[in-house]
Every structure is written in C-alpha cells, then in structure tokens.
Amino acid sequence: MITVLRRGGADVTVASVETQVGVDACHGIKMVADTLLSDITDSVFDLIVLPGGLPGGETLKNCKPLENMVKKQDSDGRLNAAICCAPALALGTWGLLEGKKATGYPVFMEKLAATCATAVESRVQIDGRIVTSRGPGTTIEFSITLIEQLYGKEKVDELLSILLVRPNPGEEFTFTELNQTNWSFEDTPQILVPITEESEEIEAIALVDILRRAKANVVIAAIGDSLEVVGSRQAKLVADVLLDEVAEKSFDLIVLPGGLNGAPRFASCEKLVNMLKKQAEANKPYGGICASPAYVFEPNGLLKGKKATTHPRVSDKLSDQSHIEHRVVVDGNVITSRAPGTAMEFSLAIVEKFYGREKALQLAKATLV
C-alpha cells in the first residue's frame, strides 16, 4: 500500500502505534515507520488506511488514539480503508461499518457480519467513503482502488502499465517453464534475498512473505554497512544480516528483487555477482524480478542460453527477447519475472519448484492470490 500510493503521487506517512518506530511485521519482516502515531494525532489526512495481519490487527483495534482519528475521519466525510482482518477487528468494532457493504479475510467474514455490516466476498469493496479488501493477494488491487478514489482513472491507467497488475486476479496462477529441472534441498530450502538502497519494496516483501509462509528459511541480506535499507519508494526495511556475513555460505536459491535504481546497485556489488556466478557454476537455482535480470544477470553471462523476462522498460537489454511478455519464466535453474504486479506469482512459482504444485496452490488460496 505504501509504495503504490507513493507511486501515485500521495504523501504517505507510515505511523507506528507502538512506542518505537521500529515495527516487527508478520513473518519476521522488520520495517521502520516514519513517525509515531502519538506525534500526529491532530494531523488531517485525506485517507487513513489500516493493514491487516495478526496480532497487528488487534493492536490497531486497541489503539484509542487511532480509533479517535478514524472516527473523526469518518464524521468529516474523508476516506478510511482497511484490509484483511482490519475491517472486522478495527472498523467494524468501532461501529463504522453498520449498514455498509464490506469485505475482509475469509475467516473474519462472520465477525464482519456481526458488526452489522453486509459482508460480501468482493476482492475490493467500496461503500461511501470506506474501502475494504481481503488479504495479501488483493493488496495491489486495493491500493489501485484507493488511487482511483484520490486521483481518478487516468492515474490508475498510468500505474497499471508500470506495475503490470494481474489481468485475471483470483484465477489460478501459472508460469512458463522450459527445460524442467528438479530444484532440490535438504530438510528446508535455504534462500537468500539481498536488498539494497532503492530495491523495489513490493517485490522484496512478497518474496520473503510467501517463502516464509511456505516454511523456507529466508535470509534477508543488506548490501553495504547498514541493516536498514531505504527502498525505491522510501519504505524503510531492516535486513537480517549484512551480505558480507553470508558471502561464503551456501544457499539453495539466491533471488533478487528489482528496482530500476536498485538493480544497478546489485550489479555493482562484486561480492553478490560472484555469489551468483558460483551458484550458476554449481547448477543451483537463482532468480530475479523487474530490472535485475537485465542489469545483473544479462551483463554477467547468467542468462546465456536461457529464456528470461524482465521489466518492460529495460527489456531491450536482454539479448534473447523471445519471452519478455511472459509474467514468470523458469528455464532450468533460472527464474525471472517482470514487475511488482507479478511478484506474488513469481514467489509462488518458487514455492512450486521447491515444494510442488499442491503446496503452491494452498498458499495462493490462503493469500487470496
């Protein structure tokens, strides 16, 4: 939500309801907020939007200053929005959904109805000045709807061409595979996700979130000398380790998020490029999304003899452009994808390669992809 709204031109303030700006989100993902909510309770916003997740949704519900802000937002006729468990736990509990159509995560639909809302199974639902949505797999659609509410359809069309949002949301995900190869691991897949300044946040978080839900051991490694990394849309992420600390370790998969400015930073990191080359020499899987296949893999010979895809803006950098329109491409041990809007499919394809189609479809269903 943060990055899509910022891409749309909104001035987004990420506020922590805790006593510190550092926030431990679901699945071990660590973020740093811009401010404490307690410091901005008198500020006026055009939109207040609540993410989901447990126990985060309960924490939001129990935050009285947030409740007061959202209720005032509603009485003043300004936009409120919530996703996943937050429509039922927060907006519903606060009495803002009475008589309104609303949606939420499937297991919270009864609780939603108990708040006197009309619970519907739409992926995104608008009723008056309240917008609700269902879960991780509907987040980009939800965010695009908020952009339309704030800016209109023209801005939405502009974003859709950049994000490459799924044309058939909710349908079973697919990917293109050539030279089918078994991706093996012992006990648990060991996966490295490097991040750097200006990495694309949606892609990085989708990878970590989905792969950790699948019970893979995912290590987020920051390039440089700081664990805190500021992404392409100024979202602040905190890595688990520095890349230097794991450069000599072995991984079953190394997979890169993109970012038109972040990917060149990966390319200039000799240590990371060497790790990728060793991965290729050992016939072990590696992957990249968005600009990373074009900026990192292509110039270092990591796509030699391989079909691949990348972001449309840099697809001319691939020597073999036969598959650039495909959303996710697996060629042997190499997996590539296109943009933030393909990140969930990309991540689920990795799950399928390690765990099989059934496990991937279970996760797709659980995340509302």
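Residues numbered from 1 in each chain as written. Predicted model: local features only at pLDDT ≥ 70, side-chain atom pairs only at ≥ 80, totals over all residues. Heavy atoms only, no water.

> For the overall build of the chain, give the residues involved together with the corresponding values.
Of regular secondary structure, the chain possesses 14 helices and 20 strands. Its C-alpha atoms give the chain a radius of gyration of 20 Å, near enough to 21 Å, the size a compact globule of 369 residues would have. Expressed as lengths along the three principal axes of its C-alpha atoms, the size of the chain is roughly 60 × 45 × 40 Å. For the chain, contacts bridging at least 24 residues in sequence account for 66% of all contacts bridging at least 6. When the accessible surface of the chain is totalled, it reaches about 15600 Å², and 47% of it is carbon and sulfur. Side-chain charges of the chain comprise 39 positive and 48 negative groups, with the mean position of each set lying 2 Å from the other. (Helix = DSSP H or I, 4+ residues; strand = E, 2+ residues; numbered from the N terminus. Rg over C-alpha atoms; globule rule 2.2 N^0.38 Å. Contact = heavy atoms within 4.5 Å. Areas by Shrake-Rupley, 256 points an atom, 1.4 Å probe, with all protein chains shown as cover. Lys, Arg positive; Asp, Glu negative; His and termini not counted. Charge placed at Lys NZ, Arg CZ, Asp CG, Glu CD.)

> Tell me about the state of the cysteines, and name the residues and values.
Scanning the model with the defined rule gives 0 disulfides in all. Left without a disulfide partner, Cys-26 is nearest to the cysteine sulfur of Cys-84, which lies 8.0 Å away. The cysteine Cys-63 is free of any disulfide, with Cys-85 supplying the nearest cysteine sulfur at 15 Å. (Disulfide = S-S within 2.5 Å.)

> Would you mind going over helix α8 (residues 201-213) in detail, with residue names and values included?
Between its terminal C-alpha atoms α8 stretches 18 Å, which fits the 18 Å expected from 13 residues at 1.5 Å a residue. Counting buried residues in α8 gives 11 out of 13 residues, a clear majority hidden from the surface. Listed as buried for α8 are Glu-201, Ile-202, Glu-203, Ala-204, Ala-206, Leu-207, Val-208, Asp-209, Ile-210, Leu-211 and Arg-212. Capping of α8 at its N-terminal end is provided by Glu-200; its side-chain oxygen lies 2.7 Å from the backbone amide nitrogen of Ile-202. (Expected span 1.5 Å × (residues − 1). Buried < 20%, exposed > 50% of the residue type's maximum accessible area, 1.4 Å probe, protein only. Polar contact = N/O pair within 3.5 Å; in protein donor to acceptor, adjacent residues only side chain to side chain.)

> Residue-level account of the UniProt feature "domain: DJ-1/PfpI" (unreviewed entry) in the chain, with values.
Residues annotated by UniProt as "domain: DJ-1/PfpI" (unreviewed entry) correspond here to residues 2-149 and 190-352. The annotated region residues 190-352 carries 31% helix and 22% strand content, and the separation between its end C-alpha atoms amounts to 15 Å. (UniProt positions renumbered as here; feature names shortened; annotations may be inferred.)

> So what's going on with the sheet that holds strand β10 (residues 130-133)? Which residues, and what values?
Spatially, the 4 strands line up as an open sheet ordered β5-β6-β10-β9, and their pairing is mixed. The open sheet has two free edges, formed respectively by β5 (47-50) and β9 (124-127), since each of these has just one partner strand. The average undirected angle you get between the axes of adjacent strands in this sheet is 15°. Relative to β10, β9 runs antiparallel, the two being bridged by 4 bridges. Considered in β10, the bridge of Val-124 is made with Ser-133. (Pairing = 2+ DSSP bridges. Axes fitted to C-alpha atoms, helices over the stretch in contact; angles between N-to-C directions.)

> Before we move on, can you summarise the sheet that holds strand β12 (residues 190-195) with the specific residues and values?
If you trace the 8 strands from one edge of the open sheet to the other, you get β11-β19-β20-β18-β17-β12-β13-β16, paired in mixed fashion. One side of each edge strand has no neighbouring strand; the edge strands of this open sheet are β11 (176-178) and β16 (241-242). Contacts from α8 reach β12, β13 (217-222), β17 (253-256) and β18 (286-289) within the one sheet, and its direction differs from that of β13 by about 155°.

> I'd like a description of the pattern of salt bridges, backed by residues and values.
Throughout the structure, instances matching the rule amount to 22 salt bridges. A salt bridge links Asp-76 to Lys-72, with the shortest nitrogen-to-oxygen separation between them at 2.7 Å. Overall, Asp-76 belongs to the partly exposed group, its relative accessible area being 36%. Take Lys-72: its relative accessible area is 48%, and that puts it in the partly exposed class. A salt bridge links Lys-153 to Asp-157; the shortest N-O distance between them is 2.8 Å. With Lys-153 and Asp-157 both in helix α7 (residues 153-163), this residue pair falls 4 residues apart, about one helical turn. Residue Lys-153 is classed as partly exposed on the basis of its relative accessible area, which comes to 47%. A single network of salt bridges, built from pairs that share partners, joins Arg-6, Asp-34 and Lys-236. (Salt bridge = Lys/Arg side-chain N within 4 Å of Asp/Glu carboxyl O.)

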